[in-house]
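Structural description and commentary
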Amino acid sequence: MANVLTGESMRFLGMVWRLLVGVKDGLVLILMLLFFGLLYALLSATPYAGSADEGALLMDIGGSIVEQPAEADPLELLSGSSVIREYRLRDVVHALETAAEDDRVKAVALDLDVFVGGGQAALSRVGEALDTVRRANKPVIAYATGYSDDAYQLAAHASEIWLNPLGGVLITGPGGSTLYYKGLLDKLGVTANVYKAGNYKAAVEPYIRSDMSPEAREANEALAAALWENWLDDVRRARPQAKLADYVNAPVDRIAAANGDMARAALAAGLVDKIGDRTAFRKRVVEGVGADEGDLPGSYKAIQYDAWVSANPAGDPGGQIGVVTVAGNIVDGPAALGTAGAETVVENIYAGLSEKELKALVVRVDSPGGSTLASERIRQAVLDAKARGLPVVISM
């Protein structure tokens, strides 16, 4: 009798075990389906929903403007971590230039509230595109809670600049700081052996000095002065009515004269035209393009940037001018977008030479440098293009 009960118990336990394994397998399958479903939704989700067919082109630049955006990491998207978006310069410029010619675009709403910045050359190019929109008799209305150097360089090209009542215009100019490790290394008993050629090779100085060398200071001051003068020239041309020098040279005095109100100080200096919150800004745009049936007060007919770029792509993939981008650090081997992998760049050059009847090659360079071997690899590919009689233009 005991043996029979034991056998029945074993069969029962086996059934329970198979049930648990089945439930486990089912849950794993469901989780996998949910994971890949979410991944597909993230990768294929369209940002174009809610875009108007006509109205104001909403340039809501929530990130930085770069020559070549880096590829987004799907795992970062799934984790929900904050990922700063990068906008391709060519797309931004093309979007503005096509908007200037299209009757469906009545104005440009330049929202710089979370704009991170971009290189000075890139911002100057976007400023020229904004000027093109204005020359087409279409208003460019900018808004931000606070304007940094980069944000204001763009806003200066707007026909109307709005500032949040609690915000300000904070112009700091180029500069920065560098950590020097020589003192720490000495305390740790570490000796750094560095080989360099030339007095102005200052990248390795933090390992062999405790302060900036006279040569590095001279070079840095020259670079900062050039950048600062370029910034001033661009802003002065775009907004001649602004009392820029007075505000930049004595910001504390200007703010004190406005009783500590930074927004009023910027308005008094002619740096901005209107002080108002986002709702007031939206209502101002409504005056030019019409209201939208939205839940937010002052909703206006907004053509979303992504929808506009999708409908008006920059460049002609079937054209006969090849464009190769060398953006980011130059490294050996292949690399994703945003980094100049020598093998990736070379493959693109050779693919263009073999697959298309190119009439010229443009090499866009936006890089601080990198591997000598990788740079030579790219140079040789460019020379191979020249050897075929192809005109090569380097755009830096």
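Residues numbered from 1 in each chain as written. Predicted model: local features only at pLDDT ≥ 70, side-chain atom pairs only at ≥ 80, totals over all residues. Heavy atoms only, no water.

Focus on the overall build of the chain
Each helix and strand in the chain was counted, giving 15 helices and 14 strands. Here the C-alpha radius of gyration of the chain, 28 Å, is well above what a compact globule of 396 residues would show, namely 21 Å. The principal-axis extents of the C-alpha atoms in the chain amount to approximately 105 × 65 × 60 Å. The contacts in the chain between residues at least 6 apart in sequence include a share of 71% that link residues at least 24 apart. For the chain, the centre of its 37 positive side-chain charges and the centre of its 50 negative side-chain charges are spaced 1 Å apart. (Helix = DSSP H or I, 4+ residues; strand = E, 2+ residues; numbered from the N terminus. Rg over C-alpha atoms; globule rule 2.2 N^0.38 Å. Contact = heavy atoms within 4.5 Å. Lys, Arg positive; Asp, Glu negative; His and termini not counted. Charge placed at Lys NZ, Arg CZ, Asp CG, Glu CD.)

Considerations on the packing of aromatic side chains
Summed over the entire model, instances satisfying the criterion amount to six aromatic pairs. What links up through ring pairs into an aromatic cluster is the set Tyr-143, Trp-162 and Phe-281. (Phe/Tyr/Trp six-rings, centres within 6.5 Å; stacked < 30°, edge-to-face > 60°.)

What to know about the side chain of Asp-149
By secondary structure assignment, the location of Asp-149 is in helix H5 (residues 149-155). In this structure Asp-149 is buried but unpaired, with Arg-236 as the nearest side chain of opposite charge at 13 Å. Reaching out from Asp-149, the side chain makes a polar contact with the backbone nitrogen of Gly-173 at a distance of 2.7 Å. With near-sequence residues (within four places) excluded, Asp-149 lies in contact with Leu-170, Ile-171, Thr-172, Gly-173 and Trp-231. (Buried < 20%, exposed > 50% of the residue type's maximum accessible area, 1.4 Å probe, protein only. Salt bridge = Lys/Arg side-chain N within 4 Å of Asp/Glu carboxyl O. Polar contact = N/O pair within 3.5 Å; in protein donor to acceptor, adjacent residues only side chain to side chain.)

Quick look at a nonpolar patch on the surface
A surface patch of nonpolar side chains, amounting to about 660 Å² of accessible area, comprises Leu-179, Tyr-181, Leu-184, Leu-188, Val-190, Val-194 and Tyr-207. Exposure remark for Leu-188: the relative accessible area of 59% places this residue in the exposed category. (Patch = residues over 30% accessible without salt bridge, like charges linked within 9 Å, V, L, I, M, F, W, Y side chains within 5 Å. Areas by Shrake-Rupley, 256 points an atom, 1.4 Å probe, with all protein chains shown as cover.)

Overview of the nonpolar core
Of all hydrophobic cores here, the largest spans 57 residues; its most connected members are Ile-65, Tyr-147, Tyr-152 and Val-169. Among the elements that take part in this core, helix H3 (residues 89-101) stands out by supplying seven residues, more than any other. Not counting the four nearest positions on each side in its chain, Val-169 is found in contact with Tyr-147, Tyr-152, Leu-163, Tyr-247, Ala-266, Leu-271 and Val-272. Membership of the second largest hydrophobic core comes to 18 residues, among which are Val-345, Leu-358, Ile-378 and Ala-385. (Core = buried A, V, L, I, M, F, W, Y, C linked by side-chain atoms within 4.5 Å.)

With respect to unusual backbone geometry
Of all residues except glycine, most have a negative phi; of all peptide bonds, most are trans. The backbone of Asn-137 sits at a positive phi, close to 60°, despite the residue not being glycine. The topology assignment puts Asn-137 in the loop between helix H4 (120-135) and strand S6 (140-147). Residues other than glycine seldom take positive phi values, yet Asn-259 does so here, at roughly 60°. Along the polypeptide, Asn-259 turns up in the loop between helix H10 (251-257) and helix H11 (262-268).

Observations concerning the pattern of salt bridges
For the structure on display, the rule yields 19 salt bridges. Here Arg-104 and Asp-102 are joined by a salt bridge, their closest N and O atoms 2.8 Å apart. Residue Arg-104 is classed as partly exposed on the basis of its relative accessible area, which comes to 39%. Judged by its relative accessible area of 17%, Asp-102 is buried. The residue Asp-211 makes a salt bridge to Arg-209 at a minimum N-O spacing of 2.9 Å. Residue classification places Asp-211 among the partly exposed residues on the basis of a relative accessible area of 42%. Through salt bridges with shared partners, a single network forms among Glu-97, Arg-125 and Glu-128.

Remarks on the sheet that holds strand S8 (residues 274-275)
The six strands lie next to each other as S8-S7-S6-S4-S1-S9, forming an open sheet whose pairing is parallel. With one partner strand each, in any of the chains shown, S8 and strand S9 (302-304) form the two edges of the open sheet. When strand S1 (residues 55-60) meets S9, the two strands line up parallel, connected through three bridges. Bridge assignment links Ala-56 to a residue of S9, and that residue is Ala-302. The sheet contacts of H3 involve S1 and strand S4 (105-111), and relative to S1 the element is tilted by about 165°. (Pairing = 2+ DSSP bridges. Axes fitted to C-alpha atoms, helices over the stretch in contact; angles between N-to-C directions.)

Here we look at the pairing of strand S2 (residues 63-66)
Bridge count for S2 against strand S3 (residues 85-88) is four bridges, and the pairing is parallel. Bridging across to S3, Ile-65 finds its partner in Tyr-87. Direction of pairing for S2 relative to strand S5 (residues 117-118): parallel, over a ladder of two bridges. Bridge pairing in S5 places Ile-65 opposite Gly-118.

Examining helix H12 (residues 278-289)
For H12, spanning twelve residues, the distance from its first C-alpha to its last is 16 Å, which sits close to the expected 16 Å at 1.5 Å a residue. Within the sequence span of H12, burial applies to Phe-281, Arg-282, Val-285 and Val-289. Seen end-on, H12 carries its buried residues on one side only, within an arc spanning 95°. Taken together, the buried residues of H12 touch S1, S4, S6 and strand S7 (160-169). For H12, the N-terminal capping position is held by Asp-277, with its side-chain oxygen 3.3 Å away from the main-chain nitrogen of Thr-279. Among the residues trailing H12, Gly-290 stands out with phi positive, at a value near 100°. (Expected span 1.5 Å × (residues − 1). Arc of directions from axis to C-beta.)

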